[in-house]
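The chain contents come next:
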Amino acid sequence: MPAASVVVLVGVLLGATPLEQINAEWWAQTEPRSPYSHLEAARLGLKLGTRLEMVDWHLRWAFALAPDNPRGLHLWGLLEEERGDIEGARQAQRKAIALRSDYADAHRRLAALAQRAADWPEAEKELTYLIGAGDGDTGLKLQLAGVQEKSGQMAQAEHTLTELHKAQPKNAVVTRALADFYGRTGRSKQSAALMKTLEPQKKAMRALSASRH
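Below or above, wherever it landed, is the structure these notes cover. Being a predicted model, the structure only gives us computed values, none of them experimental.

**Digging into the overall build of the protein chain**
Check the secondary structure of the protein chain and you find twelve helices and zero strands. Helices and strands appear in the protein chain in the N-to-C order α-α-α-α-α-α-α-α-α-α-α-α. By the burial criterion, 39% of the 213 residues in the protein chain qualify as buried. Considering only contacts in the protein chain between residues 6 or more positions apart, those separated by 24 or more positions represent 47%.

Following this line, the structure appears as structure tokens:
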């Protein structure tokens, strides 16, 4: 992923305004022994594209004050993504999860990073966790089907897609995904039949009764 795209991605994940960053920096300066002030400054710095060395500085301070804080490790993973160190980012997210097993943000990033690294077993594990934890996000289930297919688990991928289609038969994205899967696996008739369901249905014309004089 290009560096600019990573910056946009991290910004979407974190959300902030310049005023919030100023407040966070003020907090870090007035309470330098608080790990939370440094974590907040780092989070907002990542969001707003602050110099990476400043984000690094705040996170190192946070680690020195609270070495087992999972949020700090998650943010470190995002920082490593911006630096282009995917393996370093994965290791950071794994450590965050080891400290807090239900850390959904870390699981999501690790799932995405595993897919970028073509580590299908880890990607499947993380996506399965998120879905099982109650995240019914359609996108996650589509990702899971894609990962299963890429890892050669064709039956599992088909099951994931068909179950998703049963739950959302009118979802065009889901229908197209299942149709495309059928097409890739040599079932062109089934693919065409599914794609036909996406076509606008023609309304039947009512027969006009003869006029009476």
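**A word on unusual backbone geometry**
Non-glycine residue Ala118 carries a positive phi angle of around 60 degrees. Assignment of secondary structure puts Ala118 in the loop between helix 7 (104-116) and helix 8 (120-132).

**With respect to the packing of aromatic side chains**
All chains considered together, the criterion is met by two aromatic pairs. Ring geometry for Trp57 against Trp61: centres 6.3 Å apart, planes inclined by 65 degrees, an arrangement best described as edge-to-face. Within this pair, Trp57 and its partner Trp61 are both found in helix 4 (residues 52-65), separated by four residues, close to a single helical turn. Relative accessible area serves as the criterion here: at 42%, Trp57 is assigned to the partly exposed category. Note on Trp61: relative accessible area 29%, which makes it partly exposed. Directly above the ring of Trp76 sits Arg83, whose terminal nitrogen or CZ lies 5.2 Å from the centroid. Here the basic side chain of Arg100 rests over the ring of Tyr103, its NZ or CZ set 4.1 Å away from the ring centre.

**Remarks on the packing of helix 7 against helix 8**
Between helix 7 and helix 8, the shortest axis-to-axis distance is 8 Å and the interhelical angle comes to 150 degrees. Comparing their axes, helix 8 and helix 7 come out roughly antiparallel. Where helix 7 crosses over helix 8, the two elements pack in a sense that is left-handed. Contacts between helix 7 and helix 8 pair Ala104, His107, Arg108, Leu110, Ala111, Ala114 and Gln115 from the former with Trp120, Glu122, Ala123, Glu126, Leu127, Tyr129 and Leu130 from the latter.

Cut-offs applied
- Residues numbered from 1 in each chain as written.
- Predicted model: local features only at pLDDT ≥ 70, side-chain atom pairs only at ≥ 80, totals over all residues.
- Heavy atoms only, no water.
- Helix = DSSP H or I, 4+ residues; strand = E, 2+ residues; numbered from the N terminus.
- Buried < 20%, exposed > 50% of the residue type's maximum accessible area, 1.4 Å probe, protein only.
- Contact = heavy atoms within 4.5 Å.
- Phe/Tyr/Trp six-rings, centres within 6.5 Å; stacked < 30°, edge-to-face > 60°.
- Lys NZ or Arg CZ within 6 Å of the ring centre and 35° of its normal.
- Axes fitted to C-alpha atoms, helices over the stretch in contact; angles between N-to-C directions.
- Parallel < 35°, antiparallel > 145°, perpendicular 65-115°, else oblique.
- Left-handed = near helix turned anticlockwise from the far one by under 90°.

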